[in-house]
Amino acid sequence: PRDEVHGMLVFGMLDSQRRAIHAFENGMFDLRRVDVQVELRDGSTITHEAGVYVWSQEETKLVPPEERRWSPSDLMQSEWFLANIALARAEEEQL
């Protein structure tokens, strides 16, 4: 309950995007609902419900942070992400 994670909160995802992320994360991580504190540009904070993926495997299978840091920009340039963006655009065009 007192763990802290700095990250990105994403709004407005399509169902297809949620399914793709769940398929990608499922097996190594468990999806949990949590209340997160979000700091706004003006310095104030709000509480928002969010889904987070929590590692569900042995700690020995984790890559130490000093060996590999995760980057949103790396993810956003990956083939997996770009394919899912194309899928989401096609889905939006059908709406």
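Residues numbered from 1 in each chain as written. Predicted model: local features only at pLDDT ≥ 70, side-chain atom pairs only at ≥ 80, totals over all residues. Heavy atoms only, no water.

Caption draft 1: Here's a closer look at the confidence of the model for the protein. The share of residues in the protein with pLDDT of 70 or more is 99%, and the mean pLDDT across the chain is 83. The least confident element of the protein, judged by mean pLDDT, is helix α3 (residues 79–94) at 80; the most confident is strand β2 (residues 45–55) at 90. (pLDDT = per-residue confidence, 0-100. Helix = DSSP H or I, 4+ residues; strand = E, 2+ residues; numbered from the N terminus.)

Caption draft 2: Spotlight on the packing of aromatic side chains. Within this structure, the stated rule accounts for one aromatic pair. Ring geometry for F29 against W55: centres 5.2 Å apart, planes inclined by 75°, an arrangement best described as edge-to-face. Linking F29 in strand β1 (residues 29–39) with W55 in strand β2, this pair joins segments that are 26 residues apart in sequence. (Phe/Tyr/Trp six-rings, centres within 6.5 Å; stacked < 30°, edge-to-face > 60°.)

Caption draft 3: Examining α3 more closely. Over its 16 residues, α3 runs 23 Å from end to end, which matches the ideal 22 Å to within 8%, given 1.5 Å per residue. If you check the start of α3, you find a side-chain oxygen 3.2 Å away from the backbone N of F81, and it comes from S78. (Expected span 1.5 Å × (residues − 1). Polar contact = N/O pair within 3.5 Å; in protein donor to acceptor, adjacent residues only side chain to side chain.)

Caption draft 4: Highlighting the packing of helix α1 (residues 15–25) against α3. Direction vectors running N to C along α1 and α3 enclose 155°, while the axes themselves pass 9 Å from each other. Relative to α3, the element α1 lies roughly antiparallel. When the axes of α1 and α3 are compared, the crossing they make is right-handed. Contacts from D15, S16, Q17, R19, A20, I21 and F24 in α1 reach W80, N84, I85, L87, A88 and E91 in α3. Residues of the contact of α1 with α3, tallied by class, amount to seven nonpolar, three polar and three charged. (Axes fitted to C-alpha atoms, helices over the stretch in contact; angles between N-to-C directions. Parallel < 35°, antiparallel > 145°, perpendicular 65-115°, else oblique. Left-handed = near helix turned anticlockwise from the far one by under 90°. Contact = heavy atoms within 4.5 Å. Nonpolar A, V, L, I, M, F, W, Y, C, P; charged D, E, K, R; others polar.)

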